[in-house]
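# Geometric and topological summary
Residue strings, one per chain:
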Amino acid sequence: MDACSPLLNILNAEGIPYAVLKGYYMIEKAYGSHKYRESSDIDILVSKENAQRIKKVCYSLGFIQGDWDRVEKKIKPYTREQILFYLTKTHQLPPMVLSTGYAQMPATTVDINFSATWGEYGDDTSIGSDMLSRRELININGYNYYVLTNEVAFIQLCLHHYKECNSLFLLHQNRGLLLSIFTDIYGFIQNNHLSCTLITDLSKKYSVENYMCYMLHCTSLIFEANEFINSLISKLNCDDID
């Protein structure tokens, strides 16, 4: 979070609406401490209108659109074709990478999302806009930044992991399903007070009930299904997911 704090400070100072999604914040919410799970990147949800503005702020801080080359230990900038792919086929700008100079975490990545779903879902950014209207300012270990309220953050987490479970590219890249997908969801449920009714209402408002049920059902297959998971699946009243 150290490397990203200048970016978040500028967004706070300029009044640009945003919400930090996964990364350091999610680890604290799901596991209670960043000691139990590593993360070298953060996701930021913004409106599509502000995405380019935030990209310029990232550039001013030394971020580069590209990937960290673990072999050559440097940032490999994206080609024009790669940048166009992100802009036309996904829900985010090309990842912004910053060299940190730290041996244990040599680079940090910021993903600037302008939609809470994914490129294949269409160009509907209304879900992300509604989510941004449900955010709050928090302080964790001395850092001040905006996050989504618990129920909205949980929905976003499930949607993010649904993509990871069903993207052929990510499945190939990760060599299958990652256990952390389901420990994130289970930990978030176990360590936070969540309103089953509000999650149900918002899931139906966003028309993502089936995605939510899919992730909850898969999580319950790995961990012992608790009363909350069973109740939420029942309230969502999804299609057959067995």
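Criteria and thresholds
- Residues numbered from 1 in each chain as written.
- Predicted model: local features only at pLDDT ≥ 70, side-chain atom pairs only at ≥ 80, totals over all residues.
- Heavy atoms only, no water.
- 1 Å grid on protein atoms, 1.4 Å probe; cavity = no way out; pocket = protein on both sides within 12 Å on 5 of 7 lines; lining within 4 Å.
- Points joined across faces, edges and corners; volume = space filled by probe spheres on them.
- Helix = DSSP H or I, 4+ residues; strand = E, 2+ residues; numbered from the N terminus.
- Nonpolar A, V, L, I, M, F, W, Y, C, P; charged D, E, K, R; others polar.
- Pairing = 2+ DSSP bridges.

### Side note on empty space enclosed by the protein
All chains considered together, the criterion is met by three cavities of 30 Å³ or more. Space inside the largest cavity adds up to approximately 110 Å³. Around the largest cavity sit 14 residues that line it, and His 91, Ala 116, Thr 117, Gln 156 and His 160 are the ones nearest its centre. Secondary structure elements with two or more residues in the lining of the largest cavity: β2 (41–45) and α6 (150–166). Class assignment for the residues of the lining of the largest cavity results in five nonpolar, seven polar and two charged. Within this model, the second largest cavity holds a volume of roughly 70 Å³. In terms of lining residues, the second largest cavity is bounded by Val 20, Leu 21, Lys 22, Tyr 25, Met 26, Leu 148, Ala 153, Gln 156, Leu 157 and Phe 188. Listing elements by their share of the lining of the second largest cavity, those giving two or more residues are α2 (24–31) and α6. Looking at the lining of the second largest cavity, the element that brings in the most residues is α6, giving three residues. When the residues that make up the lining of the second largest cavity are grouped by side-chain class, the tally is eight nonpolar, one polar and one charged.

### Some words on the pairing of strand β5 (residues 96–99)
Note that strand β3 (residues 64–69) and β5 share two bridges and pair antiparallel. The partner of Gln 65 across the bridge, within β5, is Met 96. Summarising the sheet, β5 and strand β6 (residues 107–113) pair through four bridges and their orientation is antiparallel. Its bridge partner being in β6, Ser 99 is matched across the sheet by Ala 107.

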